[in-house]
Every structure is written in structure tokens, then in C-alpha cells.
Amino acid sequence: MDCSICLSKIEPEHDVKILSCSHRFHFKCYLEMVFRNKNFYIECPLCRSINTNITKPFSDPFKNIKILCKESKRCRCRTRD
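> Is there a simple way to explain the overall build of the protein in this structure?
Along the backbone of the protein there are two helices and two strands. Counting from the amino terminus, helix and strand elements in the protein follow one another as β-β-α-α. Out of the 81 residues in the protein, the part that is buried amounts to 22%. Across the protein, contacts joining residues at least 24 apart in sequence account for 33% of those joining residues at least 6 apart. In the form shown here, the protein has an accessible surface area of approximately 6,400 Å², with 54% of it arising from carbon and sulfur atoms.

> Please clarify how a nonpolar patch on the surface should be interpreted in this entry.
A contiguous nonpolar surface patch, about 370 Å² in accessible area, is contributed by Phe-40, Tyr-41, Ile-50 and Ile-54. Since its relative accessible area comes to 45%, Ile-50 is described here as partly exposed.

> I tried to follow the packing of aromatic side chains on my own but got confused; where do I start?
The relative placement of two aromatic rings is captured by the distance of their centres and the angle of their planes. On inspection of all chains with the given rule, the structure shows one aromatic pair. Here the aromatic rings of Phe-27 and Tyr-30 are separated by 6.0 Å at their centres, their planes lie at 35 degrees, and the arrangement is tilted. Taken together, the residues span about one helical turn, with Phe-27 and Tyr-30 both in helix H1 (residues 27-37) at a distance of three residues. The side chain of Lys-17 reaches across the aromatic face of Tyr-30, ending 5.0 Å from its centre.

> For this particular structure, what's the right way to read H1?
What H1 keeps buried is the set Phe-27, Cys-29, Tyr-30, Leu-31, Met-33 and Val-34. Looking at the residues trailing H1, positive phi occurs at Lys-38, about 60 degrees.

> Explain the side chain of Lys-17 to me, please; I cannot follow it from the model alone.
With respect to the helices, strands and loops of the structure, Lys-17 is situated in strand S1 (residues 16-18). Looking at Lys-17, the relative accessible area reads 4%, which means it is buried.

Calculation notes
Residue indices begin from 1 for each chain and proceed along its sequence in written order. The model is predicted, so local features are restricted to residues of pLDDT at least 70 and side-chain atom pairs to those at 80 or more, both for listing and for counting; the totals for chains, interfaces and linings are taken over all residues. Remark: hydrogens and water are excluded; side-chain values derive from all non-hydrogen atoms of the structure. Helix and strand labels come from DSSP, where a helix needs a run of H or I of at least four residues and a strand needs a run of E of at least two; each type is numbered from the N terminus. Remark: exposure states derive from per-residue accessible area (1.4 Å probe, protein chains only) relative to the maximum for the residue type, with buried under 20%, exposed over 50%, and partly exposed in between. Any two residues whose heavy atoms approach within 4.5 Å at even a single point are treated as in contact. For every accessible area listed, the method is Shrake-Rupley and the probe measures 1.4 Å; residues are considered covered only by the protein chains on display. Patch definition: residues above 30% relative accessible area lacking any salt bridge, with like charges linked at up to 9 Å and the nonpolar side chains Val, Leu, Ile, Met, Phe, Trp and Tyr linked at up to 5 Å. We count a salt bridge whenever a side-chain nitrogen from Lys or Arg sits within 4 Å of a carboxyl oxygen from Asp or Glu. Working definition: a ring pair exists when centres of Phe, Tyr or Trp rings (six-membered ring for Trp) sit within 6.5 Å. Plane angles under 30 degrees give stacked, over 60 give edge-to-face, the rest tilted. Cation placement over rings: the criterion is NZ of Lys or CZ of Arg within 6 Å of the ring centroid and within 35° of the ring normal.

Given below as C-alpha cells:
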């Protein structure tokens, strides 16, 4: 199966986000859409239905935060002393 956002193959080792309409995407692609729209209730790119499934991929909060920080495009520069 392919992710319709980035058009690459969804591999079993990737984290997958399943929307309320049952369409699947990479969790990273889903996060980019959420951050771009500033809303978790986004429209599905395929069928345009509103997503009501805002569950996190892991039950462990630390793992969820780790994914958010890893995938976000934050500046990780070091400051000078």
C-alpha cells in the first residue's frame, strides 16, 4: 500500500496513522498535515471526510513525544557560550 501524501510505499516498520475513514498514511506525513493546518481534525486527502480519530500511535507518552520531536523541523543549533 502507498501513502497518498508522499506517494511512497508504507512499509511494516513505519508508524501508520489510520484516519476515521480507514485510509492509511505515514504518521510523519499525517503530522506534517496537522502542523500545516494547525488542527488535528483534518480532511482526508483521498475522500475529504473530516478525521475524528485523534488517537496517538503509542500508549506510552514518552514514545509519542519522541516521534513528535524527531519528526518536527525544529532548529537544533547550539548556542554560543
